[in-house]
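So you can see what is in the structure, the chains are spelled out below.
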Amino acid sequence: MHERKIPLNLNCGLDLIGEVLYGKWKIRLLWFINEGNKRPSELQRKIPDASRRVLSMQLKELEKHELITRKVYAVVPPKVEYSLTDFGKTLLPVITLMGEWGDKNEERLRNVITK
């Protein structure tokens, strides 16, 4: 099992949300699952720069943190679908505001990121 090199620091809300949402693709995964892209292959097509392994790991972490649920259908070939939990849905307004802030400051953000 993976052992943490840096101990958990869960002293405030920002620490907690950072622990749950840290990961390059997690916010996008939550957004795309909410939009109806529920199968791993659909999510992979929406985020082609992410490897299957990383997406799988981040989906497992989101499931562990009770933001999404994973349903496995007993069919051949196996079928898996993800959906947001009620708890996960509470993040949607926050994600929407972050996206709006990014859109509003797009030019400035692109400039500082590409410096």
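Residues numbered from 1 in each chain as written. Predicted model: local features only at pLDDT ≥ 70, side-chain atom pairs only at ≥ 80, totals over all residues. Heavy atoms only, no water.

1. Considering the packing of helix α2 (residues 26–34) against helix α4 (residues 52–64)
The criterion, for reference: In this analysis an axis means a line fitted to C-alpha atoms, helices contributing only their contacting stretch, and an angle means the value between N-to-C directions, from 0 to 180 degrees. Each helix is a run of DSSP H or I of at least 4 residues and each strand a run of E of at least 2, with the numbering of both proceeding from the N terminus. Each angle is binned into one of four classes, with values under 35 degrees roughly parallel, values over 145 roughly antiparallel, values of 65 to 115 roughly perpendicular, and all other values oblique. Whether two residues are in contact is decided by their heavy atoms, any of which lying within 4.5 Å being enough.
α4 packs onto α2 with a crossing angle of 75° between their chain directions and a minimal axis gap of 10 Å. When the interaxial angle is binned, α2 and α4 end up roughly perpendicular. On the side of α2, the interface is formed by Lys 26, Leu 29, Leu 30 and Ile 33, while α4 contributes Leu 55, Gln 58, Leu 59, Glu 61 and Leu 62.

2. Regarding the UniProt feature "domain: HTH hxlR-type" (unreviewed entry) in the protein chain
Rules: UniProt positions are given in the numbering used here, feature names are shortened, and annotations may be inferred rather than shown by experiment.
Listed under "domain: HTH hxlR-type" (unreviewed entry) in the UniProt record, and renumbered for this structure, are residues 12–110. Structurally, residues 12–110 comprises 61% helix and 12% strand, and the distance from its first C-alpha atom to its last is 30 Å.

3. A closer look at the side chain of Gln 58
Counted only if it meets this: Exposure is judged per residue with a 1.4 Å probe applied to protein chains only, and the accessible area is read against the type maximum: over 50% gives exposed, under 20% gives buried, and values in between give partly exposed. Whenever a nitrogen or oxygen atom comes within 3.5 Å of another N or O atom, the pair is scored as a polar contact, on the condition that within protein one atom can donate a hydrogen and the other can accept it, and that pairs from neighbouring residues in sequence are kept only if both atoms are in side chains.
Tracing the backbone shows Gln 58 in helix α4. Exposure remark for Gln 58: the relative accessible area of 9% places this residue in the buried category. A polar contact is formed between the side chain of Gln 58 and the backbone nitrogen of Trp 25, at a distance of 3.0 Å. Separated by 3.2 Å, the side chain of Gln 58 and the backbone nitrogen of Lys 26 make a polar contact. Non-local contacts of Gln 58, meaning those with residues more than four positions away in its chain, are made with Gly 23, Lys 24, Trp 25, Lys 26 and Leu 29.

4. Re the nonpolar core
Rules: Residues enter a nonpolar core if they are buried and are Ala, Val, Leu, Ile, Met, Phe, Trp, Tyr or Cys, with the set joined through side-chain atoms within 4.5 Å.
The biggest cluster of nonpolar side chains holds 20 residues, and the ones touching the most others in it are Leu 29, Leu 30 and Ile 68. Breaking this core down by element, the ones donating at least two residues are α2, α4, β2 (79–84) and α6 (92–104). Ranked by the residues each element gives to this core, the list is headed by α2, at four residues. Ignoring any residue separated from it by four or fewer positions in sequence, one finds Leu 30 in contact with Leu 21, Leu 62, Leu 67, Ile 68, Leu 84, Leu 91 and Ile 95.

5. A look at the pairing of β2
This is how the line gets drawn: A pair of strands is treated as paired once DSSP finds two or more bridges between them.
Side chains Val 80, Tyr 82 and Leu 84 project from β2 onto a buried face, and the interleaved Lys 79, Glu 81 and Ser 83 project onto a face without burial. For strand β1 (residues 68–73) and β2, the ladder comprises six bridges, and the chain directions are antiparallel. Bridge pairing links Tyr 73 to Lys 79 in β2. Between β1 and β2, which pair antiparallel in sequence order, lie five residues.

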